[in-house]
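Notes for the structure review
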Amino acid sequence: MFELAGKKIWVAGHRGMVGSALMRRLQTENCTLLEAGRQQADLRRQDEVERWMDKNRPDVIFLAAATVGGIHANSTRPAEFIYDNLMIEANIINSAYKTGVSKLLFLGSSCIYPKFAKQPITEDELLAGPLEPTNQWYAIAKIAGIKLCAAYRRQYGCDFISAQPTNLYGINDNFTGLMSHVIPALMRRIHEAKLEGASEVVVWGTGTPRREFLFSEDLADGLVHLIQHYSDEVQVNLGCGDDVTIRELVDLIVEVVGYKGAVTYDSSKPDGTPRKVLDVSIMKNMGWSPKVSLKQGLEETYRWFLAQPHEQVRGLA
Ligand code: GFB
């Protein structure tokens, strides 16, 4: 088992949903946590990353920093999604090698798999077919990150590994609306419809695509388990192994929020990939599975959302 106690750990992207969940989870591991704020290092700039790494010398890195967003953000900001993510991962992985980091865990994304991958998706589906066009830019960058880890492992013997999380949601998610992933986008829209007494809420697409969701706190626990127990080249799927249709998801959010009006579907908006449920056998065989059901996770996320200052929830702070 790879020991985290006593190590200097850098969670790159510590303010995001994944990074902040990791910071909470790592509090119990008796390690020293490092942070690189935006003013200290723009992770897209090689010189700034190298300077920060030279000065702070982490032993372990969780690479959770990324430019992310939902289906609309992915299809309307392709340059940012490919450039930012390529630069962030190349800068951090290369300086981790140069400064002798003992272990690094890179986070991929389930859009790395082909649009029509065999379901549930096993790790060997990577690069087995064409990608979903709406998020190909982000997917290509994330595939490059996985391959960077594998290449540095092969050529330099670095213990760099990759996790392949499913669709995520939870505490500190981005609830700004148009650019958000489906859960925060719909939670906010349905919440506002309830407050305004609106008779109808419009959901994008047909409602038929299937998605698998993992709660932020479960993800953080799974990542810690993976870094402690895994050391190999293959990117490891991290999910719950179950999926729901967008329609079923909407019903759950409506129930959690307590909205009484109608829901309609706008099929002129994109559906994206029809289905992407992960095969999670590797994590299961390593003795890990998630604890929080989708309903519980949505309830906890909604409680967190309600407790935020209005401006922050709207992404204005
Ligand atoms: O989370 P999401 O935006 O991205 O979910 P993906 C999109 C699905 O939810 C589509 C439906 O089927 C949409 O039609 N949907 C319904 C909505 N209403 C809404 C809404 O108001 N907002 C949004 N965003 N969707 C993401 C990638 O793909 O998967 C990311 O874009 C990342 O890059 C993530 O890889 C894991 O699940 O389609």
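In this text, all values refer to a predicted model and were calculated from it rather than measured experimentally. (Residues numbered from 1 in each chain as written. Predicted model: local features only at pLDDT ≥ 70, side-chain atom pairs only at ≥ 80, totals over all residues. Heavy atoms only, no water.)

Details of the sheet that holds strand S10 (residues 236-238)
Across the sheet, 6 strands lie side by side as S2-S1-S3-S4-S5-S10; this open sheet has parallel pairing. With one partner strand each, in any of the chains shown, strand S2 (32-34) and S10 form the two edges of the open sheet. When the angles between neighbouring strand axes are averaged without regard to direction, this sheet yields 25 degrees. When strand S3 (residues 60-63) meets strand S4 (residues 103-107), the two strands line up parallel, connected through 4 bridges. Looking at the pairing, Ile61 lines up with Leu104 of S4. Against the sheet, helix H4 (residues 78-98) makes contact with strand S1 (8-12), S3, S4 and strand S5 (160-165), and its axis sits at roughly 170 degrees relative to S3, the strand it touches most. (Pairing = 2+ DSSP bridges. Helix = DSSP H or I, 4+ residues; strand = E, 2+ residues; numbered from the N terminus. Axes fitted to C-alpha atoms, helices over the stretch in contact; angles between N-to-C directions. Contact = heavy atoms within 4.5 Å.)

As for the pairing of S3
Side-chain direction in a regular strand flips from residue to residue, so the side chains alternate between the two faces of the sheet. The side-chain alternation of S3 yields two buried faces, one formed by Val60 and Phe62 and the other by Ile61 and Leu63. Relative to S3, S1 runs parallel, the two sharing 4 bridges. Within the sheet, the bridge partner assigned to Trp10 lies in S3 and is Ile61. (Buried < 20%, exposed > 50% of the residue type's maximum accessible area, 1.4 Å probe, protein only.)

Considering the packing of aromatic side chains
Going through the model one piece at a time under the given rule, you end up with 11 aromatic pairs. Between Trp10 and Trp52 the ring centres are 4.3 Å apart and the planes differ by 40 degrees, which places this aromatic pair in the tilted class. Within this pair, whereas Trp10 is found in strand S1, its partner Trp52 is found in helix H2 (residues 46-56), the two being separated by 42 residues in sequence. Owing to a relative accessible area of 1%, Trp10 belongs among the buried residues under this scheme. Between Tyr169 and Phe213, the ring centres sit 6.4 Å apart and the planes meet at 85 degrees, which makes this aromatic pair edge-to-face. In this pair, Tyr169 sits in strand S6 (residues 167-169) while Phe213 sits in strand S9 (residues 213-215), placing the two residues 44 residues apart along the sequence. For the pair Tyr169 and Phe213, a shared accessibility class is recorded, and that class is buried. The structure contains a cluster of three or more aromatic residues connected by ring pairs, namely Tyr97, Tyr152, Tyr156 and Phe160. The ring of Phe2 carries the charged tip of Lys7 above its face, separated from the ring centre by 4.3 Å. (Phe/Tyr/Trp six-rings, centres within 6.5 Å; stacked < 30°, edge-to-face > 60°. Lys NZ or Arg CZ within 6 Å of the ring centre and 35° of its normal.)

Considerations on the environment of Arg247
Position of Arg247 among the secondary structure elements: in helix H8 (residues 246-257). C-alpha separation for the pair Arg247 and Gly205, spaced 42 residues apart in sequence, amounts to 10.0 Å. In this structure Arg247 touches Thr206, Gly207 and Tyr265, once residues within four positions along its chain are discounted. At 3.2 Å, the side chain of Arg247 forms a polar contact with the backbone oxygen of Thr206. (Polar contact = N/O pair within 3.5 Å; in protein donor to acceptor, adjacent residues only side chain to side chain.)

Considerations on the pattern of salt bridges
Inspection of every chain in the model, using the stated rule, returns 23 salt bridges. In this structure, Asp54 and Arg57 form a salt bridge, with 2.9 Å as the shortest nitrogen-oxygen distance. Residue Lys118 is joined to Glu125 by a salt bridge in which the shortest nitrogen-to-oxygen separation is 3.5 Å. What emerges from the salt-bridge pattern is a single network uniting Arg25, Glu29, Asp221 and Lys291. (Salt bridge = Lys/Arg side-chain N within 4 Å of Asp/Glu carboxyl O.)

A few points about the packing of H8 against helix H10 (residues 294-307)
The relative placement of two packed helices is expressed as an angle between their axes plus a distance between the axes. At their nearest, the axes of H8 and H10 sit 10 Å apart, and the two run at 45 degrees to each other. With respect to H10, the element H8 is oriented oblique. Judged by the sense of rotation from one axis to the other, the crossing of H8 with H10 is right-handed. Residues Leu249, Leu252, Ile253, Glu255, Val256 and Val257 of H8 form the contact with H10, whose own contacting residues are Leu294, Lys295, Leu298, Glu299 and Tyr302. A breakdown of the residues in the contact of H8 with H10 according to their chemical character gives 8 nonpolar, no polar and 3 charged. (Parallel < 35°, antiparallel > 145°, perpendicular 65-115°, else oblique. Left-handed = near helix turned anticlockwise from the far one by under 90°. Nonpolar A, V, L, I, M, F, W, Y, C, P; charged D, E, K, R; others polar.)

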